[in-house]
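# Tertiary structure, described
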Amino acid sequence: MKKVQLAIVGGGPAGLAAAIAAREAGLQDILIIERGEALGGILGQCIHAGFGLHTFGQELTGPEYAQRFIDRVEDMKIPYLLGTMVLDINENKVLTVTGRETGLIQIQAEAIVLAMGCRERPRGALNIPGTRPAGIYSAGTAQRLVNLEGYLPGKNVVILGSGDIGLIMARRMTLEGAKVHAVAEVMPYSGGLKRNIVQCLDDFNIPLLLSTTVVDIQGRGHIESVTLAQVDERRKPIPGTEKVIPCDTLLLSVGLLPENELSLSAGVALDGVTGGPVVGDDLATSVPGVFACGNVLHVHDLVDFVSEEAGRAGRSAAEYVLHRRSAGRTVALRGKNGVRYTVPQHIDADAMADTVTVRFRVGQPYRGAALCAWAGDRLIRRIPKRILTPGEMESFPIRKADIPADCDTITFTVEEAAQ
């Protein structure tokens, strides 16, 4: 059985940043395991600009952003395996791995960083009635076909869901000569970043139809049209609002799911809202020596935040292997009144850094509101916000010095503007 100090599952932006941070923290025996044929993960197909403003102070494409981390991994001579799948992780931190280079082997790790990313929610999860013709793709699959493989899935396109990938693909398909007839969103607000709505839809006169969904798909061998309908506050189609749009392509951008099958096999506790592991401020999971970061932990909007978070996970993993710090006073973190969840879900009030950034999303749009952190009935901090939207992840810094000595729970809430 091969032994390593730190195994990192995933060679995307999270895994790369975690490996670099762990090496900088003094850990030498690191192995990155990536199932793809190249490092960089999903960024390889994200050829649009908009990456790196927080990390590098300049706008980069996805491949450019990833390459900067790949170059550092290469310079540090951190070993990695490509085309290699982790089949299982047990509670003793033994990884069962298979690949062309390795065959079927087991790896005993002192610590593990989970950085497997996320996957797209498929059509089967939507219960859309109709036939099952060709021409229906997830937005990420269409992105790969267009950007990496040189195929245009179709010429007349409808997009269901206004997540960022769907918005970006509305622009990309238009630039490649297709006609995007509409982006339909079942919620009364978009799930994407405001900048993507402006740059990908408004700039190209592509309509965004809110409170609208696909209620039928027509076509046998290949999709011929879709039926859209408006929905009520319970997301039920409203009779009489149906509209048929002829199309040869339907793209689905209906949410991302953290890839946590391996986390479950390792015995890691998952959060019911995020679908990712429950972690502390050091990004340690419920299994000692196992850490998580990036989209496997919770779905991010900016890759810069993934890299920042993964750096913390890599440093924490190195700290675990080299020093094995003992736990201190645990303070639970909770979301309430508009805050859907928090990451981390708890902090160590004794061993935490001077400031810990808590990230979360709100459950609906707000204007002129504020984000508040409470210790019981005591207000720790209040941050006014001009706009809050579910599509944008919020960052709330908590200072160690501000946590009361008798505090066992900090609650994050949205304070709505006075009517």
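Structural notes, computed from the coordinates. Everything numeric in this text was worked out from a predicted model, so none of it was measured.

Next up on the list: the overall build of the chain. Looking only at helices and strands, the chain has 7 helices and 26 strands in total. Taking 419 residues into account, the globule formula puts the C-alpha radius of gyration at 22 Å, and the chain, at 22 Å, falls close to it. Along the first, second and third principal axes, the C-alpha set of the chain runs to 65 × 60 × 40 Å. Out of the 419 residues in the chain, the part that is buried amounts to 52%. Taking all contacts inside the chain whose residues are at least 6 apart in sequence as the whole, residues at least 24 apart take part in 61%. For the chain, the distance from the average site of its 43 positive side-chain charges to the average site of its 47 negative ones is 2 Å.

Let us now look at the pairing of strand β15 (residues 225-230). Taken across its 6 residues, β15 has 5 buried, putting it largely inside the fold. With 6 bridges joining them, strand β14 (residues 212-218) and β15 adopt antiparallel strand pairing. Paired with V214 across the bridge in β15 is L228. Adjacent in sequence and paired antiparallel, β14 and β15 are bridged by 6 residues, among which G219 carries a positive phi angle near 130°. Relative to strand β16 (residues 243-246), β15 runs antiparallel, the two sharing 4 bridges.

Turning our attention to the packing of aromatic side chains. On inspection of all chains with the given rule, the structure shows 6 aromatic pairs. Consider the rings of F56 and Y65, whose centres lie 5.6 Å apart with planes at 70°: the pair is edge-to-face. On the basis of relative accessible area, Y65 is assigned to the buried category, the value being 0%. Plain terms: the ring middles of F360 and F412 are 5.8 Å apart, the flat faces sit at 45° to each other, and that makes the pair tilted. Residue F360 is located in strand β22 (residues 355-360), and its partner F412 is located in strand β26 (residues 409-415); the two are separated by 52 residues in the primary sequence. By the burial criterion, F360 is buried, and F412 matches it. Three or more aromatic residues joined by ring pairs make a cluster, and in this case those are F56, Y65 and F69. In this structure, R68 packs its charged tip against the face of F56, placed 4.8 Å from the ring centre.

Now for the pattern of salt bridges. One side chain can pair with another of opposite charge once the charged atoms of both are near each other. Enumeration over the complete set of coordinates arrives at 13 salt bridges. The partner of R144 in a salt bridge is E149, and the shortest N-O contact between them spans 3.2 Å. What makes E149 partly exposed here is its relative accessible area of 39%. Between R172 and E176 there is a salt bridge; the shortest N-O distance is 2.8 Å. Looking at E176, the relative accessible area reads 38%, which means it is partly exposed. Residues participating in the shared-partner salt-bridge network are R35, R119, E259 and E261.

Conventions used here
Residues numbered from 1 in each chain as written. Predicted model: local features only at pLDDT ≥ 70, side-chain atom pairs only at ≥ 80, totals over all residues. Heavy atoms only, no water. Helix = DSSP H or I, 4+ residues; strand = E, 2+ residues; numbered from the N terminus. Rg over C-alpha atoms; globule rule 2.2 N^0.38 Å. Buried < 20%, exposed > 50% of the residue type's maximum accessible area, 1.4 Å probe, protein only. Contact = heavy atoms within 4.5 Å. Lys, Arg positive; Asp, Glu negative; His and termini not counted. Charge placed at Lys NZ, Arg CZ, Asp CG, Glu CD. Pairing = 2+ DSSP bridges. Phe/Tyr/Trp six-rings, centres within 6.5 Å; stacked < 30°, edge-to-face > 60°. Lys NZ or Arg CZ within 6 Å of the ring centre and 35° of its normal. Salt bridge = Lys/Arg side-chain N within 4 Å of Asp/Glu carboxyl O.

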